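# Structural description and commentary
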Amino acid sequence: MNQCCSFTILFFFILACAEEDQDFLDCSFHDFNCGELVNISYPFWGNGRPQKCGHRLFELKCLSNGTTTIFINQHEYQVVGINNFSHSIKISRPRERCPSTFGGETVAYTFNYSNTVQNLTLFYNCTTTPYSSLSSNNFLCPVGGTERDAFYGHDILFGGAGFNDTACNIQVKVPVEEEILDELIQNGVGQLDEALKEPFGVNYFTYVLCDSCVGSGGNCGTNLSSSSPVSQFICFCHDGHHRLRCDDDKGMHEIFFTHHGSLKILFLKSFSHLIWLESIYFTIHSYSKYNLPANVVVSLSSSLYSFLS
């Protein structure tokens, strides 16, 4: 290929990029990469991936040893794996069987535990066995400077017949994978420390809006200038910013041009917005009944779309 052709191709490539929305480009070419975690996109951000390209609660930190961490509900976890297709991550944190402070773990509203996760319950400062079958699940832990009995067991054992809820005054629930919990129950207390360190899965729900944006050719992101959590999601597209999808304003343009025409055409073009169509029909019906100006009808239609989207 001669220099003239190479220059021409490069020129048109630069020209095409110059016409792209900058936020769209930033989120296209800046994935999160750290150690074994590569090509991680929305809702995650950090380590060179701009905050606008993720969700505010999904900041990842890349440590010097190549491990990735995330804060969830004020706890720092190591991120072992991320699956963008199943919208799940594997996390772990160093736990001790006898912690300096006692407290359970819960995940924030943007996460929930995978269906393979169960609660391991730890009982501390016990005066007797809380459940007869737990007598072999016993270990000692200092509480207030004194060695006291402690027990562990599967969460489903407790609350039923034979359970003594006054035997121990401290209970801590720890999420673990079901297979890890089964191995612990089978193999005994010697495996407790290892079980507490094993990673477990959580699911995240920000994909509900993002999948629609990506499906329309956009990149998901956050409107950092918005103070309302409801309106923070934004879809970065080739031609600029959109609320949900790169084609989410198409229906409004069609309404503007076709509200004097056939309702059948309107229906076919807006089939994916059936609920919106019903509201538009009511608005257009009001237009014909009360002779409202056309610009008022379009304004009302746009407002209804924004409300229902």
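An account of the accompanying structure is given in this report. (Residues numbered from 1 in each chain as written. Predicted model: local features only at pLDDT ≥ 70, side-chain atom pairs only at ≥ 80, totals over all residues. Heavy atoms only, no water.)

This next bit is on the sheet that holds strand β14 (residues 233-237). Adjacent strands of a sheet pair through backbone hydrogen bonds, lying either parallel or antiparallel. Taken in spatial order, the three strands of this open sheet run β13-β14-β15, and their pairing is antiparallel. Every other strand in the sheet has two partners, leaving β13 (219-222) and β15 (240-242) as the edge strands with one partner each. Averaged over neighbouring strand pairs, the angle between their axes works out to 40° when direction is ignored. Of the strand pairs in this sheet, β14 and β15 are connected by three bridges, and their pairing is antiparallel. In the sheet register, Cys235 faces β15, and the bridge partner there is His242. Across the sheet, helix α5 (residues 207-215) is in contact with β13 and β14; its angle to β14 comes to roughly 15°. (Pairing = 2+ DSSP bridges. Helix = DSSP H or I, 4+ residues; strand = E, 2+ residues; numbered from the N terminus. Axes fitted to C-alpha atoms, helices over the stretch in contact; angles between N-to-C directions. Contact = heavy atoms within 4.5 Å.)

Moving on, we get to the side chain of Lys52. Structurally, Lys52 is set in the loop between β2 (37-40) and β3 (60-62). Overall, the relative accessible area of 17% leaves Lys52 in the buried class. At 2.5 Å, the side chain of Lys52 forms a polar contact with the side chain of Asp23. With residues up to four places along the chain from it excluded, the contact list for Lys52 reads Asp23, Asp26, Gly221, Thr222, Leu224 and Phe236. (Buried < 20%, exposed > 50% of the residue type's maximum accessible area, 1.4 Å probe, protein only. Polar contact = N/O pair within 3.5 Å; in protein donor to acceptor, adjacent residues only side chain to side chain.)

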